[in-house]
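Summary of structural features
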Amino acid sequence: MRSVLLVCIVALLAPQRAAAQQAGDPGKDVAYFPSAPAMVERMLDMAKVGPGDRVVDLGSGDGRNVIAAAKRGASAVGVEYNPDLVALARRNAVEAGVAELARFVQGDMFEADVSQASVLVLFLIPENLVRLEPKFRNLTPGTRIVSNYYQIPGWEPAASDTVRGDCETWCQAWLYIVPARVEGTWRLHAGELVLAQEFDSLSGTLTTPTGGRLAIVNGRVAADRIRFLVGLDEYEGRIRGERMEGTVSGASSGAWAATRAR
């Protein structure tokens, strides 16, 4: 009887423990600091979250980012290590009427599968962003990542914004668009194209069939789009996995295509 009573008491107290979480409480990898409500909405606006999006929040806390995304019609998942916060987030989703779209998983954010996300909404310290950067880099080109206050080291933001009024601390957000990865060697009609990539910036060389070597200039990748200059020619196109294709204009004109050699 005593053990049954103890289980009942623990079950009754669990929601109270979750509700008692305070900003600044320590967690496994980062302290619990929720984004201000105005910042949550601004981040979702910046990422243009809507129906059809698959939103993931790593370190989802009380679930506010996930719930706000679900209210916009997105399918949203929060990954949170603290089981009390997971319980609180699930209750909050029920109260908000979005439990079917807002799901919460108790787990380690560094082990989470984010490969299907179209949007990541984050509030993480730089050390954690560095550890997660390989996951970010391998996301589908065009995936949007919006981060409260802290920038992803080595990445160039597509946009930034600051919230005024109701937001008092950590009120700046950064939006990133994941670029396709094109570093390596490609074969195209004009010769062998070797590309080096630093986030969305490209450099490299084109070696022609006659042995000439031309530098890549003003090379950029935006989601799955690519643009670069070689000599008097401007190449523009789309990246489709191991193939690129588009149009070239300048000294030459017409269509071009390239396949990855290595």
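Here's what I pulled together on the structure shown here. (Residues numbered from 1 in each chain as written. Predicted model: local features only at pLDDT ≥ 70, side-chain atom pairs only at ≥ 80, totals over all residues. Heavy atoms only, no water.)

**Looking at the packing of aromatic side chains**
Inspection of the entire model under this criterion finds eight aromatic pairs. On the numbers, 6.3 Å between centres and 80 degrees between planes, the contact of Phe136 with Trp155 is edge-to-face. Of this pair, Phe136 sits in helix 5 (residues 126-137) while Trp155 is found in the loop between strand 5 (144-148) and strand 6 (159-162), placing the two residues 19 residues apart along the sequence. Its relative accessible area of 0% is what places Phe136 among the buried residues. Take Trp155: its relative accessible area is 8%, and that puts it in the buried class. Centroid distance Phe228 to Tyr235: 4.9 Å. Interplanar angle 10 degrees. Geometry classified as stacked. Judged by its relative accessible area of 1%, Phe228 is buried. (Phe/Tyr/Trp six-rings, centres within 6.5 Å; stacked < 30°, edge-to-face > 60°. Helix = DSSP H or I, 4+ residues; strand = E, 2+ residues; numbered from the N terminus. Buried < 20%, exposed > 50% of the residue type's maximum accessible area, 1.4 Å probe, protein only.)

**A few points about the environment of Asn148**
Position of Asn148 relative to the elements: it lies in strand 5. Residue Asn148 is classed as buried on the basis of its relative accessible area, which comes to 0%. Sequence spacing of Asn148 and Val40 is 108 residues, and the spatial spacing of their C-alpha atoms is 8.6 Å. What Asn148 contacts, discounting residues up to four positions off in sequence, is Ser35, Met39, Met43, Leu122, Phe123, Trp170, Cys171 and Gln172. (Contact = heavy atoms within 4.5 Å.)

Nothing here speaks to function; it is geometry throughout.
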